[in-house]
Amino acid sequence: ELVNVDFDFFDLNPEVDFHATKNFLRQLFGDDAGSFDISGLANLVLAENSVGTTIKTDGKESDPFALLSVINLSDNLANSSIKKVTDYILKKTSKQLEFNLMLKKLFQSGKSTKDSSKQLKVGLIVSERMINMPVEVVPPMYKMLVEEMAKADDAHEKYEFDYFLIISKVYQLVNATIEDDDDKQKSKKKKPAAEEQVEMDYFHYEDMVLEQNSAYKGVYAYTEIKQETDSRRVFTEYGIDPKLSLMLLEKDKLAACVPLMEEQFPPF
């Protein structure tokens, strides 16, 4: 049965959206969410005069089904909730020398360019939605975010970023380690472990566009494993193994992604 739903776009509302924002952040950080100050991050997302959009179906006072915003990392490096995030990201990227060195430059206080008058500024994109939300709602959200950052009264001070860091999630489909009755009947036909196929896919399909335009990117295992892959099986013989995804985009590249998203994921 087809159900028609009207999606309405709203500004961030700290009086209504706090708990939903916390839930989105927990979902975004996956198995490692317990390592972060989720309430502190939610407060930064919903800070006064912040930019961003929520999607709701039952008016301004209802809970959002999707959220897109940006946190000014450069202005909040001393904030304890941001420090946990930056330390975590530096640890995850430690084996990618160029990516890690670039992040260290962006995460250091003070001047980070040869021009002593300028510090490179980086914004943390926070993008999450309920799992059944269509990707077609995302391009207008990014378009509005880019426009809001450019038009904000304090755009020069808060939103004139050189780079955008995006935290996201991907997953692998992996063969089950626990066989059920049907699996046992098929076990003789299965390939040896060395030949098992591993497939990577996206929770957020817009990440395909963002990755193609990123200066640096990487996929990493979570530090904490809350569920075995078998417990995430979705009506198939495969388990789901989620991974952390990090992307760093230059300012102009993020803006260039908007029309590409609109072309690849046009509205209904």
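Residues numbered from 1 in each chain as written. Predicted model: local features only at pLDDT ≥ 70, side-chain atom pairs only at ≥ 80, totals over all residues. Heavy atoms only, no water.

Per an unreviewed UniProt entry, the protein goes by the name Protein BCP1 and belongs to Scheffersomyces stipitis. In its Sequence similarities (unreviewed entry) section, the UniProt entry covering the protein states "Belongs to the BCP1 family." (UniProt positions renumbered as here; feature names shortened; annotations may be inferred.)

Among the nonpolar cores identified, the biggest contains 38 residues, and Phe-29, Ile-89, Phe-107, Leu-165 and Ile-167 are the most heavily contacted of them. Leaving out residues up to four positions away in the same chain, Leu-165 has contacts with Leu-73, Ile-89, Leu-103, Phe-107, Val-122, Gly-123, Leu-124, Ile-125, Met-247 and Leu-248. In terms of nonpolar packing, the next biggest core, distinct from the first, is built from 28 residues, Ile-125, Tyr-142, Met-149 and Leu-249 among them. (Core = buried A, V, L, I, M, F, W, Y, C linked by side-chain atoms within 4.5 Å. Buried < 20%, exposed > 50% of the residue type's maximum accessible area, 1.4 Å probe, protein only. Contact = heavy atoms within 4.5 Å.)

When you line up the elements, Thr-86 lands in helix α3 (residues 80-92). Here Thr-86 falls in the buried class, since its relative accessible area comes to 5%. Thr-86 has contacts with Leu-77 and Phe-107, leaving out every residue within four places of it along the chain. (Helix = DSSP H or I, 4+ residues; strand = E, 2+ residues; numbered from the N terminus.)

A complete count under the given rule lists six salt bridges for this structure. For Glu-128, the salt bridge goes to Lys-169, with nearest N and O atoms at 3.9 Å. Linking Glu-128 in strand β4 (residues 122-129) with Lys-169 in strand β5 (residues 163-175), this pair joins segments that are 41 residues apart in sequence. On the basis of relative accessible area, Lys-169 is assigned to the buried category, the value being 11%. Note that Glu-262 and Lys-143 form a salt bridge whose closest N and O atoms lie 3.9 Å from each other. Placement of the pair is Glu-262 in helix α9 (residues 251-264) and Lys-143 in helix α5 (residues 138-151), with a sequence separation of 119 residues. (Salt bridge = Lys/Arg side-chain N within 4 Å of Asp/Glu carboxyl O.)

Take the confidence of the model for the protein next. Chain-level statistics for the protein give a pLDDT mean of 87 and a share of 82% at 70 or above. In the predicted structure, residues 190-195 sits below a pLDDT of 50 and forms four contacts with residues beyond four places in sequence or in another chain. (pLDDT = per-residue confidence, 0-100.)

With 13 residues, α3 extends 19 Å between its outermost C-alpha atoms, agreeing within 8% with the 18 Å of an ideal straight helix rising 1.5 Å per residue. Burial in α3 covers these residues: Ser-81, Ile-82, Val-85, Thr-86, Tyr-88, Ile-89 and Lys-92. Angular distribution of buried residues about the axis of α3 spans 160 degrees; they occupy a single face of the element. Of the exposed residues in α3, the ones pointing more than 90 degrees away from its buried face are Ser-80 and Lys-91. (Expected span 1.5 Å × (residues − 1). Arc of directions from axis to C-beta.)

Attention now moves to the packing of aromatic side chains. Applying the stated rule across the entire model yields six aromatic pairs. Aromatic side chains Phe-99 and Tyr-216 sit 5.4 Å apart centroid to centroid with 10 degrees between the ring planes, which places their arrangement in the stacked category. Pair noted here: Phe-99 is in helix α4 (residues 97-107) and Tyr-216 is in strand β7 (residues 216-220), with a separation of 117 residues, a long-range link. What makes Phe-99 buried here is its relative accessible area of 2%. An aromatic cluster of three or more residues is present, and its members are Phe-29, Phe-36 and Tyr-88. A cation over an aromatic ring shows up here: Lys-56 above the ring of Phe-10, its NZ or CZ 5.8 Å from the ring centre. Above the face of the Phe-203 ring, Lys-169 is positioned so that its terminal group lies 4.8 Å from the ring centre. (Phe/Tyr/Trp six-rings, centres within 6.5 Å; stacked < 30°, edge-to-face > 60°. Lys NZ or Arg CZ within 6 Å of the ring centre and 35° of its normal.)

Helix packing geometry: the angle between the two helix axes and the distance between the axes. At their nearest, the axes of helix α1 (residues 14-29) and helix α2 (residues 38-45) sit 9 Å apart, and the two run at 115 degrees to each other. Two packed elements cross with a definite hand, and for α1 against α2 that hand is right-handed. Of α2, the residues touching α1 (which contributes Phe-18, Thr-21, Lys-22, Leu-25, Arg-26 and Phe-29) are Ile-38, Ser-39, Leu-41, Ala-42, Asn-43 and Val-45. By residue class, the composition of the contact of α1 with α2 is seven nonpolar, three polar and two charged. (Axes fitted to C-alpha atoms, helices over the stretch in contact; angles between N-to-C directions. Left-handed = near helix turned anticlockwise from the far one by under 90°. Nonpolar A, V, L, I, M, F, W, Y, C, P; charged D, E, K, R; others polar.)

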